[in-house]
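A closer look at the structure
Residues per chain, in single letters:
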Amino acid sequence: MTRPLLIFDSGVGGLSVLGAIRALIPNAPVVYAADSAGYPYGTKSAAEIEARVPALLGRLAERFDPELIVIACNTASTVALAGVRAALDLPIVGTVPAIKPAAAMSRSRTIGVLGTETTVRQPYVDRLSAEFAGDCRVLRHGSAELVDLAEAELRGEAGDPEAYARILDGLFGQEGGESLDTIVLACTHFPLVEAQLTAAAPRPVAFVDGKEGIARRTAFLTRGRVWPEAPSEGIALFTGRDTDVDAYRPGLARYGLTQVRRL
Ligand code: DGL
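Read on for a plain summary of the structure. (Residues numbered from 1 in each chain as written. Predicted model: local features only at pLDDT ≥ 70, side-chain atom pairs only at ≥ 80, totals over all residues. Heavy atoms only, no water.)

The parallel open sheet is built from 4 strands, whose spatial order is S6-S5-S7-S8. Each edge of the open sheet carries a strand with a single partner, namely strand S6 (137–142) and strand S8 (206–208). If you compare each strand with its neighbour and ignore which way they point, the axes differ by 25 degrees on average. Bridge analysis of strand S5 (residues 110–115) against strand S7 (residues 182–186) gives 5 bridges, and the strand direction is parallel. Counterpart to Gly112 in the pairing with S7 is Ile183. (Pairing = 2+ DSSP bridges. Helix = DSSP H or I, 4+ residues; strand = E, 2+ residues; numbered from the N terminus. Axes fitted to C-alpha atoms, helices over the stretch in contact; angles between N-to-C directions.)

Looking now at the site of the ligand. Taken together, 14 residues form the shell around the ligand, and within it Ser10, Tyr41, Gly42, Asn74 and Thr75 come nearest. Contacts to the ligand include Tyr41, whose backbone N or O atom sits 2.6 Å from an oxygen atom. A distance of 2.8 Å separates a nitrogen atom of the ligand from a polar atom in the side chain of His189. Per-class residue counts for the shell around the ligand are 6 nonpolar, 7 polar and 1 charged. (Near = heavy atom within 4 Å. Polar contact = N/O pair within 3.5 Å; in protein donor to acceptor, adjacent residues only side chain to side chain. Nonpolar A, V, L, I, M, F, W, Y, C, P; charged D, E, K, R; others polar.)

What follows covers the nonpolar core. The biggest cluster of nonpolar side chains holds 29 residues, and the ones touching the most others in it are Ile7, Leu15 and Val70. For this core, the secondary structure elements donating two or more residues are strand S1 (5–9), helix H1 (15–24), strand S2 (30–34), strand S3 (68–71), helix H10 (211–221), strand S9 (234–238), helix H11 (245–253) and strand S10 (257–262). Per-element tally for this core: the top contributor is H1, with 5 residues. Ignoring sequence-local partners within four residues, the contact set of Val70 consists of Leu6, Ile7, Phe8, Val17, Ile21, Val93, Ile214 and Thr218. In this structure, Val31, Ile69, Ala80 and Leu237 belong to the second largest nonpolar core, which totals 25 residues. (Core = buried A, V, L, I, M, F, W, Y, C linked by side-chain atoms within 4.5 Å. Buried < 20%, exposed > 50% of the residue type's maximum accessible area, 1.4 Å probe, protein only. Contact = heavy atoms within 4.5 Å.)

With that settled, consider the pattern of salt bridges. The final tally for this structure, using the stated rule, is 9 salt bridges. Its salt-bridge partner being Arg3, residue Asp65 comes within 3.4 Å of it at the nearest N-O pair. Of this pair, Asp65 sits in the loop between helix H2 (46–64) and S3 while Arg3 sits in the segment before S1, and the two are 62 residues apart along the sequence. With relative accessibility at 42%, the residue Asp65 sits in the partly exposed group. Its relative accessible area of 34% is what places Arg3 among the partly exposed residues. In this structure, Arg249 engages Asp246 in a salt bridge whose closest nitrogen and oxygen atoms are separated by 2.6 Å. Here Arg249 pairs with Asp246, and both are found in helix H11, just 3 residues apart, close to one helical turn. With relative accessibility at 35%, the residue Arg249 sits in the partly exposed group. (Salt bridge = Lys/Arg side-chain N within 4 Å of Asp/Glu carboxyl O.)

Our next topic: the sheet that holds S9. Here we have 6 strands laid out as an open sheet, ordered S4-S3-S1-S2-S9-S10, and parallel in their pairing. The open sheet has two edge strands with one neighbour each: strand S4 (92–93) and S10. Pairing of S2 with S9, which is carried by 4 bridges, proceeds in the parallel orientation. Counted as the bridge partner of Ala34 is Phe238 from S9. H2 rests against S1, S2, S3, S9 and S10 of the sheet, and its axis sits at about 155 degrees to S1.

Burial analysis of S2 places 5 of its 5 residues in the buried class, the great majority of the element. Side-chain alternation along S2 places Val30, Tyr32 and Ala34 on one buried face and Val31 and Ala33 on a second face that is also buried. Sheet topology places S1 next to S2; 5 bridges connect them, and they run parallel. When the bridges of S2 are listed, Phe8 appears paired with Ala33. Regarding topology, H1 serves as the crossover connection from S1 to the parallel S2, and that connection is right-handed. (Right-handed = clockwise from strand over helix to strand, strands pointing away.)

This is how it looks when you write it as structure tokens:
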């Protein structure tokens with residue numbers, strides 16, 4: 001049996017990362033775990049996330065014996081990556097807000113970081129900004145509503161364009177927002193609604209995220225593995241007892257996740 005990749009998020013945001021991984025290694029077996037019982041992470045304290053994520057990933061690792069784990073969640077990675085690495089003896093790929101590529105691209109030297117409330121206040125983001133965007137103005141905005149909108153879009157429920165515009169105003173409306181030209185999508189849910197954000201932006205800006213880098217890292221760490229000759233049915237696992245898994249089925253199937261289960 002080939003060991004699967006375990007892709008983890010609080011919800012369906014990690015599908016944006018899974019899509020990029022599948023583009024590089026389409027036949028790798030996948031277990032996608034959504035901690036819907038703990039969703040949303042973005043409004044939780046760092047202490048709650050530190051307590052929850054390593055324990056849950058430990059259970060999932062025992063059950064599925066993955067080749068590696070991808071924490072396809074900025075909030076969990078910026079808070080708990082070190083704790084997960086200390087607790088588990090297998091390769092862990094984390095998600096880092098794409099501040100470095102955004103700073104490299106920005107001409108106006110003003111970039112925005114759009115993430116969850118918990119992510120945008122992490123010292124990790126301060127460190128990335130100081131290291132890679134020292135000569136940029138870095139505006140931050142955290143939005144739990146945008147995470148909910150992305151979840152709803154995946155269930156086939158279209159969000160109100162005005163809601164997207166209002167959320168973006170959290171960056172554009174700040175002092176310095178008039179010169180923003182690049183926005184980091186620092187939550188894996190947000191690339192799922194990039195088209196809606198692009199349509200709602202008051203003027204053209206570049207959106208940047210880290211999913212391709214995560215996919216390349218995953219492919220690199222698993223180089224030399226012999227994958228099955230064809231893609232297998234991916235497993236989507238929800239931790240929440242009350243999650244309406246049927247509503248997610250069509251969206252999950254677009255990412256090759258055709259077996260939907262509860263933990
Ligand atoms: N997808 C997650 C992230 O990248 C968080 C969403 C949530 O708030 O649960 O930050």
